[in-house]
Amino acid sequence: MTTNTIPKLGLGTYGRTGDEGLAALLKAIEIGYRHLDTAQSYGTEQNVGEAMRRSGLKRGDLFVTTKVADTRLDKAQFMPSVRASLDTIGVDQVDLLLIHWPSHRDAVPFEDYMTALVEAQQKGYARLIGVSNYPAALLEKTVALIGKDKLATNQVEIHPHLQAPKLVDHARRIGLPLTAYQPLAKGEIANDPVLKRIAENHGVTVAAVALAFLMAEGHYVIPASGSETNLRANFAAGTVSLDAAEMAEIRTLDRGYRRIDPEKSPAWDD
Ligand SMILES: NC(=O)c1ccc[n+]([C@@H]2O[C@H](COP(=O)([O-])OP(=O)(O)OC[C@H]3O[C@@H](n4cnc5c(N)ncnc54)[C@H](OP(=O)(O)O)[C@@H]3O)[C@@H](O)[C@H]2O)c1
């Protein structure tokens, strides 16, 4: 198998540092995860590379994403930071390279780092490129600057309590798939009574229902866990099929509950 497209269900690696982090990544690969999502700012690029090598899998069988930090978007730092990521992971090319956050208040001109992103792909540093934490207005600017078909995804916070309908509508209109980060609302989703009932009916975990819902909505998902039990439960989401009534009921759970909203955030759509 060569992963030409983004696997539907991947693994978040935030916090998976040190030997414990490496062990969790290896366990995840053993369970079947093939997409590892890292970033320059997570301190996990090294563990991701080590896990890829120790897994014994061929390079083409694993899909790796990294992200250029918002502190390295300027012309002087952008390309060296991408080369440093490749060195740290120990690969010639990542499968997907994202802009982690747009530059706050345009401290770095938008055109500069979006052009650099395309250039990184042209140089062969990334097979696919995309963005993260971009609201619709910035997606529009991106399309105007580099065209409609260059981006593979926009990675944003989405879970059953933050379904981002305006952004989702916009992304669907321009044919851009979204990647749902923090898809379990950092584990909080496990307490939702509606999801609990649906999970009991299916004999699976609440997390698996949440992830199955997001995938059925057309999003990629990248849940994270350091526990084998939860890694397995989350991976099982790939086998959960929700019916139309269940999908409709879960859609009503959206309450615009955003967990990640730092000072540097752009103006969100929802
Ligand atoms: N682009 C961005 O700006 C951005 C921002 C945030 C995150 N991300 C990416 O998205 C990934 C996922 O986000 P996240 O790690 O913040 O949050 P998350 O995946 O929503 O939740 C992870 C938390 O939920 C718990 N958990 C996992 N599976 C569970 C289950 N089946 N039942 C109950 N609890 C469970 C985990 O604890 P245990 O370890 O004990 O299982 C962990 O504390 C990150 O690792 C990162 O790769 C990207």
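Look above for the structure.
Here we summarise the structure given alongside this text. These numbers come from a predicted model, not from an experiment.

Now for the packing of aromatic side chains. Taken as a whole, this structure holds 5 aromatic pairs when the rule is applied. Pairing Tyr 14 with Tyr 42 gives two aromatic rings, centres 5.2 Å apart and planes at 85°, and the pair type is edge-to-face. Note that Tyr 14 is positioned in the loop between strand E1 (11-12) and helix H1 (18-31) and Tyr 42 in the loop between strand E2 (35-37) and helix H2 (45-55), a separation of 28 residues in sequence. Given the relative accessible area of 52%, Tyr 14 is considered exposed. Judged by centre distance (6.0 Å) and plane angle (65°), the rings of Trp 101 and Trp 268 are edge-to-face. Remark: Trp 268 occurs in the segment after helix H10 (244-251) and Trp 101 occurs in the loop between strand E4 (94-99) and helix H4 (110-122); sequence separation between them is 167 residues. Of the residues examined, Trp 101 reaches a relative accessible area of 6% and is grouped as buried.

Tracing the chain through its elements places Tyr 181 in strand E7 (residues 178-181). Its relative accessible area of 9% is what places Tyr 181 among the buried residues. Between the alpha carbons of Tyr 181 and Tyr 220 there is a distance of 8.7 Å; along the sequence they are 39 residues apart. If near-sequence neighbours (up to four positions away) are discounted, Tyr 181 is found in contact with Trp 101, Ser 132, Asn 133, Gln 155, Val 156, Glu 157, Ile 158, Ile 222 and Ile 260.

To continue, consider the site of the ligand. As a matter of local geometry, the ligand sits amid 27 residues, with Asp 37, Gln 182, Ser 225, Gly 226 and Asn 230 nearest to it. At 2.7 Å, a side-chain N or O of Asp 37 approaches an oxygen atom of the ligand. Here an oxygen atom of the ligand and a side-chain polar atom of His 100 are 3.2 Å apart. In isolation the ligand exposes 900 Å². Once the protein is present, 83% of that is buried. Classifying every residue of the shell around the ligand by side-chain character gives 12 nonpolar, 12 polar and 3 charged.

In the structure shown here, the tally under the stated rule is 13 salt bridges. For Lys 67, the salt bridge identified is with Asp 37, shortest N-O distance 2.7 Å. Residue Lys 67 is located in strand E3 (residues 63-68), and its partner Asp 37 is located in strand E2; the two are separated by 30 residues in the primary sequence. The same class applies to Lys 67 and to Asp 37, which are both buried. Where Asp 95 meets Arg 127, a salt bridge forms, and the shortest distance between an N and an O atom there is 2.9 Å. With Asp 95 in strand E4 and Arg 127 in strand E5 (residues 126-132), this residue pair connects regions lying 32 residues apart in the sequence. Accessibility expressed as a relative area gives 5% for Asp 95, which makes it buried.

Conventions adopted
Residues numbered from 1 in each chain as written. Predicted model: local features only at pLDDT ≥ 70, side-chain atom pairs only at ≥ 80, totals over all residues. Heavy atoms only, no water. Phe/Tyr/Trp six-rings, centres within 6.5 Å; stacked < 30°, edge-to-face > 60°. Helix = DSSP H or I, 4+ residues; strand = E, 2+ residues; numbered from the N terminus. Buried < 20%, exposed > 50% of the residue type's maximum accessible area, 1.4 Å probe, protein only. Contact = heavy atoms within 4.5 Å. Near = heavy atom within 4 Å. Polar contact = N/O pair within 3.5 Å; in protein donor to acceptor, adjacent residues only side chain to side chain. Areas by Shrake-Rupley, 256 points an atom, 1.4 Å probe, with all protein chains shown as cover. Nonpolar A, V, L, I, M, F, W, Y, C, P; charged D, E, K, R; others polar. Salt bridge = Lys/Arg side-chain N within 4 Å of Asp/Glu carboxyl O.

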